[in-house]
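Observations on chain architecture
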Amino acid sequence: MKTLKVPNTYDISLSGAPSLTVSEFLSVSQVAVLPSTISHLKPKLTVKIGDSVARGQAVAFDKLSPEVKLVSPVSGTVKDIVYGQKRRLDAILISCSGDAVETHSSYTKDTLNSLDAATLKQLLLKSGLWPSFVALPFMGLAPAEGDVPAIYVAVNDDEPFAPHASVVLKGKQDQFRFGLAALKKLSKSVVVSAAMGNEIAGTALSDVVDVLVEGKYPANQPATVAYNAKPDATHNKAWTIKCQDVIAIGEFLSTGVFPNTRVIALAGPKVKEPQHMRVTVGSPIKDVVAGRCDDSVALRYIAGGVLTGRNAGLDSYLGFNENAINVLQDEFDSEFMNFVGLGPKKATYSRAYLGAAMGAKKWDYHTGVNGSARDCVACGYCAEVCSVGILPQFLMRNVVAGDVDESLAHGLLDCSECGLCTFVCPSKIELTDMFVSQKTALLEETR
Ligand code: SF4
Ligand code: SF4
């Protein structure tokens, strides 16, 4: 087992970490499939309003790789189809009823061993679980064609707040091992990483862990591990997958049925009792959070982690890869003459406020940014937290100038889209969004 010390990591010390208890919230009357939350997917419908669908039945596919299916997490009826700007397919709403299930072949350890890689790939493509794979360097849907240079599996997710590995793996270790065995048929190089000091890596699963990772966020994100541990450039196009998705693959292969529940974290400063919840895939956010948040103030509901998640709103649903709902105060009133105060109650990366002396304090962050984006002040903080060695302040200039060649030379494709540079920037420049936009434009040109 190797150890990996990841440079330039940072803990934002957000309050509202989820407890390790898990409550069940599986009874929903309606769910949604959200194609627009899967990066680089170009969806096409296979159903229309009023159609009956079974759990695991395809409701859409990717136009560029029609083998990649999105499936209904439940048995029910297509209630509505929601389009966004430019007729982008945003949501397929399904009202739950009945117990129809689409089944596939199931496997034991022995029959999986004798399964060839091509058949396994076809099975996963139509399983509805294919979007669990995120392909580097564009951080989107994995290609259906071609070899898989490597798959990086992260046991831990250190973004605030994602589900804790010990909760996700509780009672699911056999399924995790089974899913891992399947991944090893897809790629000759499967790299499993776990956080140093994590009790899971140190005991029951220590035999499957290849890399022990030391560092704060985003050290344990699989894209960061891939950048810092890759043996050569072939891994620049590696795929990544999260622990819970490996479990889902194991469950699918052992039962032949789409696994339609996931553990999520319901967390953040404005959640009354931050916790883990087992929910149905595609659950309505308003149902999951009902009565569980301090709604005496305006709230922002983030689907996913606070640094990379989606500003979902209360009326949205959980996307396929979104494993958390984090709730922060929204619309913070600006403070009169705030620049003359010492700021003892303010979090600070730059140590500009007295809050820097508060040691291990956890902070009730809100979404206010004290005004609009300002000019870059060349402080260099963004580079101090970039775990893949980019100098974001210089990369930003190339992106603004539209100079793709220079952006590539400055490491655009190494960006793991962790969001930390944006977070620490005192000028509140949306650095990560700029990098993601240029990466997406570059990908579109090559497709
Ligand atoms: S450039 Fe920013 S978003 Fe990209 S990896 Fe570095 S810190 Fe993260
Ligand atoms: S953190 Fe923001 S202001 Fe500071 S150098 Fe980077 S982009 Fe410029």
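Another point: the packing of aromatic side chains. Counted according to the given criterion, the structure contains four aromatic pairs. Centroid distance Y365 to F423: 5.4 Å. Interplanar angle 75°. Geometry classified as edge-to-face. Placement of the pair is Y365 in the loop between β20 (324-329) and α9 (381-384) and F423 in helix α12 (residues 420-424), with a sequence separation of 58 residues. The partly exposed category is assigned to F423, whose relative accessible area is 22%. The aromatic ring of F423 is capped on one face by K428, whose charged end is 5.9 Å from the ring centroid.

The buried fraction of strand β6 (residues 58-62) is high, at four of five residues. The pairing of strand β4 (residues 43-45) with β6 spans three bridges and is antiparallel. Bridging from a neighbouring strand, L45 pairs with A60 of β6. In terms of strand pairing, β6 meets strand β7 (residues 69-71) through three bridges, oriented antiparallel. Paired with F61 across the bridge in β7 is K69. Linking β6 to β7, which pair antiparallel, is a turn of six residues.

Around ligand 2 lies a shell formed by C376, V377, A378, C379, G380, C382, Q393, C425, P426, S427 and L431. When grouped by side-chain class, the residues that make up the shell around ligand 2 number eight nonpolar, three polar and no charged.

Okay, the side chain of Q30 next. You can see Q30 is positioned in strand β3 (residues 30-33). Separated by 3.0 Å, the side chains of Q30 and K79 make a polar contact. Engagement of the side chain of Q30 in a polar contact is seen with the side chain of Y317, the distance being 2.7 Å. With near-sequence residues (within four places) excluded, Q30 lies in contact with K79, L93, I94, S95, C96, P284 and Y317.

Turning next to the pattern of salt bridges. Under the defined criterion, the tally for this structure stands at eleven salt bridges. Here D157 and K242 are joined by a salt bridge, their closest N and O atoms 3.3 Å apart. Here K242 lies in strand β15 (residues 239-242) and D157 lies in the loop between β12 (151-154) and α3 (165-169), a separation of 85 residues in the sequence. One salt bridge connects E251 with K172, and the closest N-O pair in it is separated by 2.6 Å.

Parsing the chain into structural domains produces domain 1 (2-20 + 104-255), domain 2 (27-96) and domain 3 (373-446). For domain 2 versus domain 3, the distance between C-alpha centres works out to 33 Å.

We now examine unusual backbone geometry. In this model, P160 is joined to F161 through a cis peptide bond whose omega is -20°. Its location among the elements puts F161 in the loop between β12 and α3. In this model, K86 sits at a positive phi of 55°, which is unusual for a non-glycine residue. Positionally, K86 belongs in the loop between β8 (76-83) and β9 (89-96). In this structure K86 comes out as exposed when scored by relative accessible area, which is 86%.

Our focus in this paragraph is the environment of L307. Mapped onto the secondary structure, L307 falls in the loop between β18 (299-303) and β19 (310-311). In sequence terms L307 and C421 are 114 residues apart; their C-alpha atoms lie 9.9 Å from each other. Excluding anything up to four places from it in sequence, L307 contacts I12, E159, P160, Y217, C418, G419, L420 and F423.

Residues that lie three or four places apart on an α-helix share one face, since the helix turns once every 3.6 residues. Taking 1.5 Å of rise per residue, the 13 residues of helix α7 (residues 243-255) would be expected to cover 18 Å, and the 19 Å separating its terminal C-alpha atoms lies within 8% of that figure. All of the buried residues in α7 are C243, Q244, D245, V246, I247, A248, I249, G250, E251, F252 and L253. Directly beyond the C-terminal end of α7, a positive phi value near 80° is found at G256.

The contact between helix α2 (residues 117-127) and helix α4 (residues 173-186) brings their axes to 9 Å, and the two run at 120°. Considering the angle they form, α2 stands oblique to α4. The way α2 lies across α4 gives a crossing that is left-handed. Touching A117, L120, K121 and L124 of α2 are A182, K185 and L186, all from α4. Here the contact of α2 with α4 is built from residues that sort into five nonpolar, no polar and two charged.

Sheets are built from strands paired through backbone hydrogen bonds, the pairs being either parallel or antiparallel. If you walk across this open sheet you meet the seven strands as β1-β14-β13-β12-β15-β10-β11, and the pairing is mixed. Taken across any chain shown, the strands that pair with only one partner, and hence form the sheet edges, are β1 (2-5) and β11 (140-141). With three bridges connecting them, strand β13 (residues 190-195) and strand β14 (residues 211-214) associate as parallel partners. By the bridge assignment for β14, A194 is matched with L212. Set on the sheet, α4 makes contact with β12, β13 and β15; between it and β12 the angle comes to about 165°. Strands in contact with helix α6 (residues 222-229) are β1, β12, β13, β14 and β15; relative to β12, the strand with the most contacts, it is inclined by about 125°.

Quick look at the sheet that holds strand β17 (residues 275-280) now. The mixed open sheet is built from six strands, whose spatial order is β2-β17-β16-β20-β18-β19. At either margin of the open sheet sits one strand with a lone partner, and together these are β2 (22-25) and β19. Pairing between β18 and β19: two bridges, direction antiparallel. Within β19, the residue paired with I302 across the bridge is N311.

Definitions and limits used
- Residues numbered from 1 in each chain as written.
- Chains lettered and ligands numbered in written order.
- Predicted model: local features only at pLDDT ≥ 70, side-chain atom pairs only at ≥ 80, totals over all residues.
- Heavy atoms only, no water.
- Phe/Tyr/Trp six-rings, centres within 6.5 Å; stacked < 30°, edge-to-face > 60°.
- Helix = DSSP H or I, 4+ residues; strand = E, 2+ residues; numbered from the N terminus.
- Buried < 20%, exposed > 50% of the residue type's maximum accessible area, 1.4 Å probe, protein only.
- Lys NZ or Arg CZ within 6 Å of the ring centre and 35° of its normal.
- Pairing = 2+ DSSP bridges.
- Near = heavy atom within 4 Å.
- Nonpolar A, V, L, I, M, F, W, Y, C, P; charged D, E, K, R; others polar.
- Polar contact = N/O pair within 3.5 Å; in protein donor to acceptor, adjacent residues only side chain to side chain.
- Contact = heavy atoms within 4.5 Å.
- Salt bridge = Lys/Arg side-chain N within 4 Å of Asp/Glu carboxyl O.
- Domains from an automatic or database assignment.
- Expected span 1.5 Å × (residues − 1).
- Axes fitted to C-alpha atoms, helices over the stretch in contact; angles between N-to-C directions.
- Parallel < 35°, antiparallel > 145°, perpendicular 65-115°, else oblique.
- Left-handed = near helix turned anticlockwise from the far one by under 90°.

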